[in-house]
Amino acid sequence: MALDLHSHKTQLVLTALAASAATAGLFSAYQQHVKRQKRRGLDQDVLRSVTAAPGKGKESRADGDDDRHEIHIGDGSNNAHGVPLEYDEELIREQLARNYAFFGEEGMAKIRKGSVVVVGCGGVGSWAAVMLARSGVSKIRLVDFDQVTLSSLNRHATATLSDVGTPKVKCIERVLKQISRVVEVDARIDIWRKESGGELLEGADWVIDAIDNITTKVDLLKYCHQNNIRVFSSMGAGAKCDPTRIQISDISYTMYDPLARAVRRRLRLEGITSGIPVTYSTEVPGEVKLLPLPEEEFQKGNIKELGVFDDFRVRILPVLGPLPAIFGLNIATYILCELAGKPIHNPLPVKGRKKFNERLYRDLHKREEKFLGHQINKLPLDDDDAGLVFDDLYRGRSARPPYAVPERPALVRWDPSEPLSLLNCVAFEFADAEKHLKEVLLEKKRPEEVWGEEIAEVVRRRREEARKVVEWVM
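Note that the structure is predicted; figures quoted are calculated from it, not measured. (Residues numbered from 1 in each chain as written. Predicted model: local features only at pLDDT ≥ 70, side-chain atom pairs only at ≥ 80, totals over all residues. Heavy atoms only, no water.)

Engineer: Sorry, what's going on with the packing of aromatic side chains here?
Structural biologist: Think of a pair of aromatic rings as described by two things: how far the centres are apart, and how the planes are tilted against each other in angle. Applying the stated rule across the entire model yields six aromatic pairs. With a centroid separation of 4.9 Å and an interplanar angle of 85 degrees, the aromatic rings of F102 and F103 are classed as edge-to-face. The class of F102 is exposed, set by a relative accessible area of 54%. The exposure class of F103 is buried, given its relative accessible area of 10%. (Phe/Tyr/Trp six-rings, centres within 6.5 Å; stacked < 30°, edge-to-face > 60°. Buried < 20%, exposed > 50% of the residue type's maximum accessible area, 1.4 Å probe, protein only.)

Below you can see the structure in the form of structure tokens.
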């Protein structure tokens, strides 16, 4: 059917379409213009805030009152930090657009109403706080008594050289308010104490435990558990370097981490066995030594008196900067998913290795019964120890050259004259383990006679590693 352009009806339709297109174009152009104006205004405000900071810093250091870190919470005074008065919902949603795409409207509404308390604002806590603010959490309370030092700069999320000597919570607060125009930050230069700690946790949807001191850590976890406050705890990030070993699990499932082991034991004495999510590393460090104190510090007297507070460590473990950052990011991710109603269920690595370790343990148990000639109720090793021997000491490989990854891994006692232990357990392919059981354990041949000096030397090296593991973990 041909279109009659001379028809009055056709001309009216075309005119209406052209008018609609023109109107839509003008409306779109106006929206783009308004958005550009808002962005230009925001850029100018940010620029003024950044360029004004050095001057304020110098003035504050001169009179001892650091205006850069003055707290304004919930009183509409965000403009004192260079925050534009006109930062409407449209800009907020644009800033959080990727989070909205992931969590959806309902999830993001919950996150933006969330309130989180971060206790301990060092390498772990600072990274968690930054990502919570970037993701839309509106209320963050920071609790830490400590100051930024030069050694903090290798792992702290927000500290710079100009922050050295200032409170960690103030340093984080300043950066959070540069990231988010709607976050309310309550910076407390304080230490959490069980006698008066309830006030610091008031109104929290989640508490992040990033405390180094074990006594305070256990007190905080116990308080939260008994008062039905959801808490996520960070275990030890010091002396670790393998990011692939970092896990999220319940405190009851942790393994190989000395801090987690100590915390778990103390909580068990308080009647708490599970229900606290943690991030930790299954990595067993090699050579681990405390950083030395200068000799002149020992000459001053009792080194325990050098701490800021009683029972807080003076000497420290070495820390590779990225590791505490990953711990903090794990915590922030977990809490965001929980707040949004999209929780992380049963992290796979822990779940998968548990079954594997249990199978290794069962096979080892059967071999020990054949060797001893009677039934055994319990071995001196558990399934976590079995996993440690195979994964960490023998790197998931057989002790027999060419050190292949076994198709059916198995563990067996190495020297029949010594008791079964981490030091006296070796990883083999299943067939080799059965050969070792027959010729070494039952026929009483020496291991070196059956396997040769090369394999014996490998086992000696692994035994020495196991000795260090026992000293570190146990």
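Engineer: Can you help me understand the pairing of strand 8 (residues 409-413) in this one?
Structural biologist: The side chains of a regular strand alternate between both faces of the sheet. With five of its five residues buried, strand 8 lies for the most part within the structure. Sheet topology note: the strand 8/strand 9 (residues 425-429) ladder contains five bridges and is antiparallel. Residue pairing for strand 9: V412 is matched across the bridge by V426. (Helix = DSSP H or I, 4+ residues; strand = E, 2+ residues; numbered from the N terminus. Pairing = 2+ DSSP bridges.)

Engineer: What's the story with the nonpolar core in this structure? I'm lost.
Structural biologist: General note: in soluble globular proteins, nonpolar side chains tend to be found buried as a group. One finds L201, V207 and L411 to be the most contacted residues of the largest nonpolar core, which totals 64 residues. Beyond its immediate sequence surroundings of up to four residues, L411 is in contact with L360, L364, R367, A386, V389, F390, C425, V426 and A427. Residues V118, V175, A237 and I246 belong to the second largest nonpolar core, which totals 45 residues. (Core = buried A, V, L, I, M, F, W, Y, C linked by side-chain atoms within 4.5 Å. Contact = heavy atoms within 4.5 Å.)

Engineer: What is the right way to look at the environment of D88 in this model?
Structural biologist: With respect to the secondary-structure elements, D88 resides in the loop between helix 1 (8-63) and helix 2 (89-95). You can call D88 partly exposed: its relative accessible area is 24%. Through-space distance from the C-alpha of D88 to that of K38 is 9.4 Å; in sequence the pair is 50 residues apart.

Engineer: I keep staring at the pattern of salt bridges and nothing clicks. Help me out?
Structural biologist: Opposite charge on two side chains permits them to pair, given that their charged atoms come into close proximity. One pass over the full model with this rule turns up 33 salt bridges. As a salt-bridge pair, D257 and K240 come within 3.9 Å of each other at their nearest N and O atoms. Residue D257 is found in the loop between strand 6 (246-250) and helix 7 (258-269), and its partner K240 is found in the loop between strand 5 (231-234) and strand 6; the two are separated by 17 residues along the sequence. Side by side, D257 and K240 carry an identical accessibility label, which is buried. In the salt-bridge network here, residues are joined through shared partners; they are E89, R93, E105 and R112. (Salt bridge = Lys/Arg side-chain N within 4 Å of Asp/Glu carboxyl O.)

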